[in-house]
Amino acid sequence: MSEAAHVPFTETKAPESAERLHRGALGLVDISASTMANIGPAYSFYFGGAFIFLAAGLGSPLVILLAAVSIALLGNTLSQFSRAHPSTGGFITFIGKTFGGRSAVTTALVAGTGYIIAISSVLVISGGFVSIFIQYYTGTNIPWIIFSALFTAGAMFMMFRGVAVSTRLAGFFFAFEMLVLFVVSIAVLIKNGGHLSGVPFEPSKVLNGFSGLGLAFPLAIYLFIGWENSAALAEETTNPRRNVPRAVFLSIALMAFTYLVVAYATVTGFHYSITALTAPLIPFIAVAHSVAAWLAFIAYLAGLTSTLGVLIAAVNSQCRLIFNAGREGLLPRWIGRVQPVRRTPVNAIITFVGIASTITLVWALGHWIGGHGNSVDALNFFFESSTMGTILILFVYLAANVALPFYYRKYRPAEFNIIKHAVLPALGVVAIAVPIYYLFKPGQADPYNWFPWVGLGLIAVSILYSIWLVRRDPGLGDRVGSIVADE
């Protein structure tokens, strides 16, 4: 038997010299802008906001406010972890360090799958939005898949060039969409200044009461997906223990303020009429058009730049989660390799986008085979894939909140704070349990009614795989979080 055959699996799985990203390439402004570009306020509000209005009616701004509070609770959890142990692995590292190797592998698979499914909605809507824009202004119907392929290829090219270049491009797109959102909102509020009121924040105005709140709340949570972006950029950030928590709270606060202003302006612009509010495909663009046609045009442009910003920022951060998982041996090692010159995780980017593209193809084939070819449109896929991806991501958020007090008790008992490390994460568990409950609640339309069970099935498979992998590689648990961002 050869000498190599006697080498334990653990020694072959983790190289002594880890693949490292471009350390110190980003500052606080860079990661904050990237995080908010990942959230994509125009992209998220144009499409997610329309469904929130349908579910909650005139009380939609109040629902968004409650969602912002819930996300802030999660922000505390991520910030506390990042101060103690900044890592490109984000929640995967934090949960794995707390509960061991099996939980790390399970989280890597569940989080990776959730983010990939969610990003597939962005790949599709990037082309779908351009198709809608061209059809609206010219009457020409060009298939969205053409634009989606072009934008995806362009975004990957920018990401291959380096994290600083692609992150700043996403930040530029973000700055433009923010300018447009506030210009339009202020114009709407000025035009309707004679009848401004606190109606949108009255609990009694939430459509169908608590039932409407429950239906709209998960959609409002989805508006903020991407808020955790900065944690995955820790290794490439200067002073990540300080800058990552700052970026987390800065991003959540600014996005909450933006959504509240935009939602309030939209509801006000329709003169507090539920019928008028829920009629347009994209209410914000419709209300912009009611003020001036040129405002609607730049609102469309903001939607496009927002979608491209989300595409770049989301893939940039989320592919780093599976990169780190590959680097530590939770996933195949080749995913955890970097391009030697630019120090970019090229293999992880290709894997991330490749699987997302495959999901899109399978979804389209499934609709055609099932006789629903007429529903193969970008908006339909956006709503379905974003819902499925959010279900998995919410379970990761839930596990992170549960892990925080155990982590500090185990590794930093002298720093344990009852408010920061016990009360706030407990409230975070409650906040995340609400959308999970309503996503699982019976009576939803097909295919949303079976999405939760698909999610549970994926979690079960991930747990079984993690048990097998840890038995095969007993040293895996010790490697989780072994690469600290600033060491």
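Above: the structure in question.
What this report covers is the structure whose coordinates are included nearby. (Residues numbered from 1 in each chain as written. Predicted model: local features only at pLDDT ≥ 70, side-chain atom pairs only at ≥ 80, totals over all residues. Heavy atoms only, no water.)

## Here's the deal with the overall build of the protein chain
Logical step 1: When its secondary structure is counted, the protein chain shows 19 helices and zero strands.
Logical step 2: Against the globule reference of 23 Å for 487 residues, the protein chain gives a C-alpha radius of gyration of 22 Å, in line with a compact fold.
Logical step 3: The dimensions of the protein chain, computed from C-alpha atoms along their principal axes, are 80 × 50 × 45 Å.
Logical step 4: With the model as given, the accessible surface of the protein chain reaches about 18,700 Å², and the carbon-plus-sulfur share is 68%.
Logical step 5: Looking at charge distribution, the protein chain has the averaged site of its 27 positive side-chain charges lying 4 Å from that of its 19 negative ones. (Helix = DSSP H or I, 4+ residues; strand = E, 2+ residues; numbered from the N terminus. Rg over C-alpha atoms; globule rule 2.2 N^0.38 Å. Areas by Shrake-Rupley, 256 points an atom, 1.4 Å probe, with all protein chains shown as cover. Lys, Arg positive; Asp, Glu negative; His and termini not counted. Charge placed at Lys NZ, Arg CZ, Asp CG, Glu CD.)

## Some details on the pattern of salt bridges
Logical step 1: Applying the stated criterion across every chain, the model contains five salt bridges.
Logical step 2: Among the salt bridges present, the one from D30 reaches R168, with a minimum N-O distance of 3.2 Å. Linking D30 in helix α2 (residues 28-39) with R168 in helix α8 (residues 163-191), this pair joins segments that are 138 residues apart in sequence.
Logical step 3: Under the relative-accessibility criterion, D30 is labelled buried at 15%.
Logical step 4: Among the residues examined, R168 registers a relative accessible area of 46% and is labelled partly exposed. (Salt bridge = Lys/Arg side-chain N within 4 Å of Asp/Glu carboxyl O. Buried < 20%, exposed > 50% of the residue type's maximum accessible area, 1.4 Å probe, protein only.)

## Here's the deal with a nonpolar patch on the surface
Logical step 1: Where nonpolar side chains cluster on the molecular surface, the patch consists of I418, I419, V423 and L427 and spans about 340 Å² of accessible area.
Logical step 2: For I419, the location among the structural elements is in helix α17 (residues 418-440). (Patch = residues over 30% accessible without salt bridge, like charges linked within 9 Å, V, L, I, M, F, W, Y side chains within 5 Å.)

## Focus on helix α16 (residues 378-411)
Logical step 1: Between its terminal C-alpha atoms α16 stretches 46 Å, which fits the 50 Å expected from 34 residues at 1.5 Å a residue.
Logical step 2: The principal kink in α16, of about 35 degrees, is found at A403, preceding the proline P405 by one to four residues. (Expected span 1.5 Å × (residues − 1). Bend = angle between axes of the 7 residues up to and from the residue.)

## Things to note about the side chain of R320
Logical step 1: Position of R320 relative to the elements: it lies in helix α14 (residues 293-328).
Logical step 2: Separated by 2.9 Å, the side chains of R320 and E236 make a polar contact.
Logical step 3: Within polar-contact distance, the side chain of R320 engages the backbone oxygen of N316 at 2.6 Å.
Logical step 4: The contacts of R320, once residues within four sequence positions are left out, are L21, T88, V163, A232, L233, E236 and P345. (Polar contact = N/O pair within 3.5 Å; in protein donor to acceptor, adjacent residues only side chain to side chain. Contact = heavy atoms within 4.5 Å.)

## Some words on the packing of α16 against α17
Logical step 1: α17 packs onto α16 with a crossing angle of 160 degrees between their chain directions and a minimal axis gap of 9 Å. In terms of orientation, α16 lies roughly antiparallel with respect to α17. Note that α16 runs across α17; the crossing there is left-handed. Between α16 and α17, the residues in contact are T387, I391, L394, F395, Y397, L398, N401, V402, L404, P405 and Y408 and K420, H421, P425, G428, V429, I432, P435, I436, L439 and F440, respectively.
Logical step 2: When the residues that make up the contact of α16 with α17 are grouped by side-chain class, the tally is 16 nonpolar, four polar and one charged. (Axes fitted to C-alpha atoms, helices over the stretch in contact; angles between N-to-C directions. Parallel < 35°, antiparallel > 145°, perpendicular 65-115°, else oblique. Left-handed = near helix turned anticlockwise from the far one by under 90°. Nonpolar A, V, L, I, M, F, W, Y, C, P; charged D, E, K, R; others polar.)

## Quick word on the packing of aromatic side chains
Logical step 1: Tallied over the entire structure, the rule returns 40 aromatic pairs.
Logical step 2: Ring geometry for F224 and Y259: centres 5.2 Å apart, planes at 80 degrees, overall edge-to-face. Of this pair, F224 sits in the loop between α9 (209-222) and α10 (229-232) while Y259 is found in helix α11 (residues 240-269), placing the two residues 35 residues apart along the sequence. Just as F224 is buried, Y259 falls in that class too.
Logical step 3: Both rings, one in Y448 and one in F451, keep their centres 5.5 Å apart while their planes meet at 65 degrees; by these two values the pair is edge-to-face.
Logical step 4: It is R409 that lies over the ring of F416; its NZ or CZ is 4.1 Å from the centre. (Phe/Tyr/Trp six-rings, centres within 6.5 Å; stacked < 30°, edge-to-face > 60°. Lys NZ or Arg CZ within 6 Å of the ring centre and 35° of its normal.)

## Topic: the nonpolar core
Logical step 1: Formed by 154 residues in total, the largest nonpolar core has its most connected members in Y46, F47, W227 and Y397.
Logical step 2: Among residues more than four places away in sequence, those in contact with F47 are I125, F129, I282, L379, F382 and F383. (Core = buried A, V, L, I, M, F, W, Y, C linked by side-chain atoms within 4.5 Å.)

## Overview of the packing of α16 against helix α18 (residues 451-472)
Logical step 1: Running from amino to carboxyl end, α16 crosses α18 at an angle of 45 degrees, the nearest separation of the two axes being 10 Å. As far as their axial angle goes, α18 and α16 are oblique. As α16 packs across α18, the resulting crossing turns out to be right-handed. Where α16 abuts α18, its residues E384, T387, M388, I391, L392 and F395 lie against F451, P452, V454, G455, L456, L458 and I459.
Logical step 2: Of the residues assigned to the contact of α16 with α18, the class counts are 10 nonpolar, two polar and one charged.

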